[in-house]
Amino acid sequence: MAKGKKSPAVERIEAQRALVVEKIIADMKRDGLRWSEPYLPTMTPHNPTTGTVYQGGNRLHLAFIGMVRGFTDNRWCTFNQIQEQGWHLRKGAKSALIERWKAFAVKEENEETGEEEITGHFLRLVGCWNVFNASEIEGIPPEARPEHLSDRTAAIAAGLIESSRCPVLESGAYMGKAAYAPISDRILIAPRVTFRSDESFTRVLLHEMAHSTGHPSALDRPSNTDFGSPEYAKEELVAELGSLFASADLGIQSADMEGEFYENHVAYLKSWIHALEDDPDYLFKAAAQADKASAYLVGRYEAVLEREQEEPVKTQERVSLRGEAAAMRRAASVQPAVLVSTPELVQSAR
């Protein structure tokens, strides 16, 4: 292959990403900050035969395909997996493409020692597969759905605060506001009783908690605290997507945007739209970082639940995502899955 020429697989993936970005830009222009709401019901794609939970760009793409095609099932399988299970693909079923990239080391000889040293890394596409939604597979058992969690969101919020890696300070001094302060490493948020709903409070809380995962003691994301800079806008998109992913994983399906949180984020929409128009990969790079942030938050939340379940003293009921996932797998009779900054006062989730 000539140097610099892209493989057909890479070209197909780039075209696929461009379609996703084009639709999301249109959604942002039409629906503003509520652009992501229709994606929530399809934002937890997984493979029922392997237990794989799709992440990052694959997660975003499958959620997009599910929403556009009107699917309500979050399960996706390859054609071979469908055949192996004795299921059948419906005539006219359309696939979605998932991709896998791997980081390879760049090695150069050290002139002083004569030894090879790793000087960097580069990404290479190592595979892509067509997957089909369970809505178009005949014979697959019905999806076991956990009960709706909206009426238990207050308990989820309490568990998230308990699991937070940094202090969460609720105070009337932050009325209508929410922010992560990177220097003091704390989250500042208005009292939950001042929000329109538990869902609204929890979505805002998750946004700020996603910001907090960028701290050097956590995921150590590079940060630029210059308000309005491209880097700052990207961090806001990471936090927004991280909140969206975690909300989907925890069953928080909707929330009303409100107050200064909403007003400040309106300004970011223009930055995001401009960046997405210039570089479709911008969204997928942010999604990869957001997925890590979401996994970090949900992992700590689950650890709190497990610890409390081991305690003999009765504690307030909370929702276990891992327990529900196990129940779903048992109901589907599949193999067990292996789940696998502004100045000191504010980096706003604005």
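Residues numbered from 1 in each chain as written. Predicted model: local features only at pLDDT ≥ 70, side-chain atom pairs only at ≥ 80, totals over all residues. Heavy atoms only, no water.

1. Examining the overall build of the chain
Working step 1: When helices and strands are tallied, the chain shows nine helices and nine strands.
Working step 2: Put simply, the chain has 350 residues, and 49% of those count as buried.
Working step 3: Carbon together with sulfur atoms contributes 52% to the accessible area of the chain, which is approximately 17600 Å² in total. (Helix = DSSP H or I, 4+ residues; strand = E, 2+ residues; numbered from the N terminus. Buried < 20%, exposed > 50% of the residue type's maximum accessible area, 1.4 Å probe, protein only. Areas by Shrake-Rupley, 256 points an atom, 1.4 Å probe, with all protein chains shown as cover.)

2. Concerning the packing of aromatic side chains
Working step 1: A complete count under the given rule lists three aromatic pairs for this structure.
Working step 2: Arranged with centres 6.0 Å apart and planes meeting at 70 degrees, the rings of Phe-71 and Trp-76 form a pair that is edge-to-face.
Working step 3: Its relative accessible area of 1% is what places Trp-76 among the buried residues.
Working step 4: Taken together, a centroid distance of 5.3 Å and an interplanar angle of 80 degrees make the contact between Phe-195 and Phe-201 edge-to-face. Pair check on accessibility: Phe-195 and Phe-201 agree, each one buried.
Working step 5: For Arg-17, the ring lying beneath its charged end belongs to Phe-284, and the centroid distance is 4.5 Å.
Working step 6: A cation over a ring is seen here: Lys-234 above Tyr-282, with NZ or CZ 5.9 Å from the ring centre. (Phe/Tyr/Trp six-rings, centres within 6.5 Å; stacked < 30°, edge-to-face > 60°. Lys NZ or Arg CZ within 6 Å of the ring centre and 35° of its normal.)

3. Remarks on unusual backbone geometry
Working step 1: For Asp-185, which is not a glycine, the phi torsion comes out positive at approximately 55 degrees.
Working step 2: Structurally, the position occupied by Asp-185 is in the loop between strand 7 (178-181) and strand 8 (186-189).
Working step 3: Judged by relative accessible area, which is 14%, Asp-185 ranks as buried.
Working step 4: Not every positive phi belongs to a glycine, and Asp-220 is a case in point at roughly 55 degrees.

4. Describing the environment of Leu-205
Working step 1: Note that Leu-205 resides in helix 5 (residues 198-212).
Working step 2: On a C-alpha basis, the gap between Leu-205 and Ala-157 in space is 7.9 Å, while along the polypeptide they are 48 residues apart.
Working step 3: Aside from chain neighbours lying at most four places away, what touches Leu-205 is Ala-157, Leu-160, Ile-161, Val-168 and Ile-189. (Contact = heavy atoms within 4.5 Å.)

5. Remarks on the environment of Leu-19
Working step 1: Along the chain, the position of Leu-19 falls in helix 1 (residues 8-31).
Working step 2: Note: C-alpha distance between Leu-19 and Pro-280 (261 residues apart in sequence) is 9.0 Å.

6. Thoughts on the pattern of salt bridges
Working step 1: Across all of its chains, the model carries 14 salt bridges by this definition.
Working step 2: Put simply, Glu-99 and Arg-17 hold a salt bridge, and the shortest N to O gap is 2.5 Å. Residue Glu-99 is found in strand 3 (residues 96-109), and its partner Arg-17 is found in helix 1; the two are separated by 82 residues along the sequence. For the residue pair Glu-99 and Arg-17, the accessibility class agrees, reading buried in each case.
Working step 3: For the salt bridge of Arg-59 with Asp-291, the shortest nitrogen-to-oxygen distance reads 3.0 Å. Of this pair, Arg-59 sits in helix 2 (residues 56-69) while Asp-291 sits in helix 8 (residues 281-310), placing them 232 residues apart in sequence. Each member of the pair, Arg-59 as well as Asp-291, carries the same accessibility label: buried. (Salt bridge = Lys/Arg side-chain N within 4 Å of Asp/Glu carboxyl O.)

7. Considering the packing of helix 4 (residues 153-163) against helix 8
Working step 1: Contact geometry for helix 4 and helix 8: axes closest at 8 Å, N-to-C directions at 100 degrees. When the interaxial angle is binned, helix 4 and helix 8 end up roughly perpendicular. Across the interface between the two elements, Ile-156, Gly-159, Leu-160, Glu-162 and Ser-163 from helix 4 touch Arg-300, Tyr-301, Val-304, Arg-307 and Glu-308 from helix 8.
Working step 2: Residues that form the contact of helix 4 with helix 8 fall into these classes: four nonpolar, two polar and four charged. (Axes fitted to C-alpha atoms, helices over the stretch in contact; angles between N-to-C directions. Parallel < 35°, antiparallel > 145°, perpendicular 65-115°, else oblique. Nonpolar A, V, L, I, M, F, W, Y, C, P; charged D, E, K, R; others polar.)

8. Comments concerning the pairing of strand 8
Working step 1: Relative to strand 8, strand 6 (residues 168-170) is paired through three bridges, and the arrangement is parallel. Across the sheet, Val-168 pairs through a bridge with Ile-187, a residue of strand 8.
Working step 2: Both strand 7 and strand 8 contribute to a ladder of four bridges, which runs antiparallel. Each residue of the ladder has a partner; that of Tyr-180, found in strand 8, is Ile-187.
Working step 3: Where strand 7 folds back onto strand 8 in an antiparallel hairpin, the turn is made up of four residues, including Asp-185, whose phi is positive at roughly 55 degrees. (Pairing = 2+ DSSP bridges.)

9. Considerations on helix 1
Working step 1: Taking 1.5 Å per residue as the helical rise, helix 1 with its 24 residues ought to reach 34 Å, and the 34 Å between its terminal C-alpha atoms agrees with that figure.
Working step 2: Gly-32 sits one or two residues past helix 1 and shows a positive phi near 60 degrees. (Expected span 1.5 Å × (residues − 1).)

10. Observations regarding the nonpolar core
Working step 1: Among the nonpolar cores identified, the biggest contains 41 residues, and Met-28, Met-43, Trp-76, Leu-241, Trp-272 and Leu-283 are the most heavily contacted of them.
Working step 2: Contributing elements (two or more residues each) for this core: helix 1, helix 2, strand 3, helix 6 (230-250), helix 7 (259-278) and helix 8.
Working step 3: Sort the elements by how many residues they give to this core and helix 6 lands first, with eight residues.
Working step 4: In this structure Met-28 touches Trp-35, Leu-269, Trp-272, Ile-273 and Leu-276, once residues within four positions along its chain are discounted.
Working step 5: Ala-157, Ile-189, Leu-206 and Ala-210 belong to the second-largest nonpolar core, a separate cluster that totals 25 residues. (Core = buried A, V, L, I, M, F, W, Y, C linked by side-chain atoms within 4.5 Å.)

11. Thoughts on the side chain of Gln-81
Working step 1: Among the secondary structure elements, Gln-81 is positioned in helix 3 (residues 79-84).
Working step 2: For Gln-81, a relative accessible area of 14% corresponds to the buried category.
Working step 3: Leaving out residues up to four positions away in the same chain, Gln-81 has contacts with Asn-47, Thr-49 and Thr-50.

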